[in-house]
Amino acid sequence: MMKDKNKEFWKVINMMDFNGRGYQAAGRWLVEDSGLTFNEIKEIRNMATRKVNVLYKKFINDVRIGSDDGFSDVTWQTVANGFQSFHSCTAESLTEMYDENRYTESFAYAFYIVDEIEEEQFAANQFLKRERAMKRIEEMRRFGGGFDQKLIAAFEHADNGNKRKLAVGFPELFEHLVD
C-alpha cells in the first residue's frame with residue numbers, strides 16, 4: 001500500500017463504489033480489478049473493520065437504533081459512503097440514516113470474498129502439502145531402506161488412531177495425511 005495508508009484506503013473505498021455496484025460487485029472489483037496485492041486487500045478489509053469499530057465505540061451509547069444489526073449496517077454504510085461521511089457523522093445522522101432506511105445490505109459483505117480466498121488458499125496449500133507427502137512416500141517406497149519401507153507399510157495398514165500416532169512421531173512424512 002502507498003505511504004499514506006489512510007488516504008489510499010479512502011481512495012479504494014471510493015473506487016469500490018459499493019453504493020453503485022452493490023456488495024458482490026464491489027468485492028469482485030476489489031479482488032479482480034483494483035490492482036492491489038492480496039495482502040493490501042486484507043489491509044483494506046482490516047482498516048474498514050477498524051473504522052466501523054471506531055464508529056461503534058464512539059456512538060453506541062448515543063444512537064437511537066433498535067437493533068445491533070441495524071447499527072452495524074449504518075456504521076458499515078457510513079464507511080462505504082466515504083471519507084466525508086465517516087468524519088462528519090454524528091449519533092443523530094446515524095439514527096436518521098437508520099430511521100429513513102438510507103442504507104443497504106451491509107458493506108461488510110463486500111469483504112466476504114477476502115475470507116473465501118483465504119479459505120481457498122488454505123485448502124490449496126493443504127492439498128499441495130498432501131501431494132508432496134505422497135510423492136515423498138512413493139520415493140521412499142521405491143528407493144528407501146528397509147526401515148522406511150516398513151514404516152510406510154505400517155502407516156498404510158494402521159487404523160486412524162495409529163496413523164495419528166505415526167504422524168506425531170514422523171510429522172515430516174505423515175502429518176499432512178491424517179485428519
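Going along each chain's sequence as written, the residues are numbered from 1 onward. The model is predicted, so local features are restricted to residues of pLDDT at least 70 and side-chain atom pairs to those at 80 or more, both for listing and for counting; the totals for chains, interfaces and linings are taken over all residues. Note: side-chain values were computed over all heavy atoms of the structure, leaving out hydrogens and water.

Colleague: Any chance you could explain the overall build of the protein chain here in plain terms?
Modeller: Put simply, DSSP H or I for four residues or longer makes a helix, DSSP E for two residues or longer makes a strand, and each gets a number counted from the N terminus. Regarding its fold elements, the protein chain presents eleven helices and zero strands. Reading the secondary structure of the protein chain in the N-to-C direction produces α-α-α-α-α-α-α-α-α-α-α. Overall, the C-alpha framework of the protein chain stretches about 75 × 35 × 25 Å when taken along its three principal axes. For every residue, the accessible area (1.4 Å probe, protein chains only) is compared with the maximum for its type, and the residue is labelled buried under 20%, exposed over 50%, or partly exposed between those bounds. Per-residue burial for the protein chain yields a buried fraction of 38% across its 179 residues. Pairs of residues are marked as contacts when any of their non-hydrogen atoms sit within 4.5 Å. Once local pairs closer than 6 in sequence are excluded, the contacts in the protein chain between residues at least 24 apart make up 61%. Per element, the accessible surface of the protein chain, about 11,200 Å² overall, is 49% carbon and sulfur. Within this scheme the basic residues Lys and Arg register as positive and the acidic residues Asp and Glu register as negative, but His and the chain ends are omitted. The location of each charge is read from NZ of Lys, CZ of Arg, CG of Asp or CD of Glu. Side-chain charges of the protein chain comprise 25 positive and 30 negative groups, with the mean position of each set lying 7 Å from the other. With residues, only the protein chains shown are counted as cover, and all accessible areas are computed by Shrake-Rupley using a 1.4 Å probe.

Colleague: What's the story with helix H5 (residues 68–80) in this structure? I'm lost.
Modeller: Every helix has an expected span of 1.5 Å times one less than the residues it contains. Here H5 is 13 residues long and its end C-alpha atoms lie 18 Å apart, about the 18 Å a rise of 1.5 Å per residue gives. Of all 13 residues that make up H5, ten are buried, and the element is covered over most of its length. Among all positions in H5, only Gly70, Phe71, Asp73, Val74, Thr75, Trp76, Gln77, Thr78, Val79 and Ala80 are buried. Buried residues along H5 sit against helix H1 (5–16), helix H2 (18–21), helix H4 (38–59), helix H6 (83–88) and helix H7 (91–99).

Colleague: Is there a simple way to explain the environment of asparagine 53 in this structure?
Modeller: Summarising the element assignment, asparagine 53 is placed in helix H4. As for asparagine 53 and tryptophan 76, which are separated by 23 residues in sequence, their C-alpha atoms are 9.5 Å apart.

Colleague: Explain the nonpolar core to me, please; I cannot follow it from the model alone.
Modeller: In globular proteins that are soluble, nonpolar side chains generally tend to be buried together. Among buried residues, the Ala, Val, Leu, Ile, Met, Phe, Trp, Tyr and Cys ones that are joined through side-chain atoms within 4.5 Å form a nonpolar core. Met16, Leu30, Val79, Phe107 and Phe111 are the most contacted members of the largest nonpolar core, which has 37 residues in total. When sequence neighbours within four positions are dropped, the list of residues in contact with phenylalanine 111 reads Ile13, Met16, Leu30, Ile44, Arg45, Ala48 and Trp76. Formed by twelve residues, the second largest nonpolar core is a distinct cluster that contains Met140, Leu173, Leu177 and Val178.

Read these as geometric descriptors, not functional statements.
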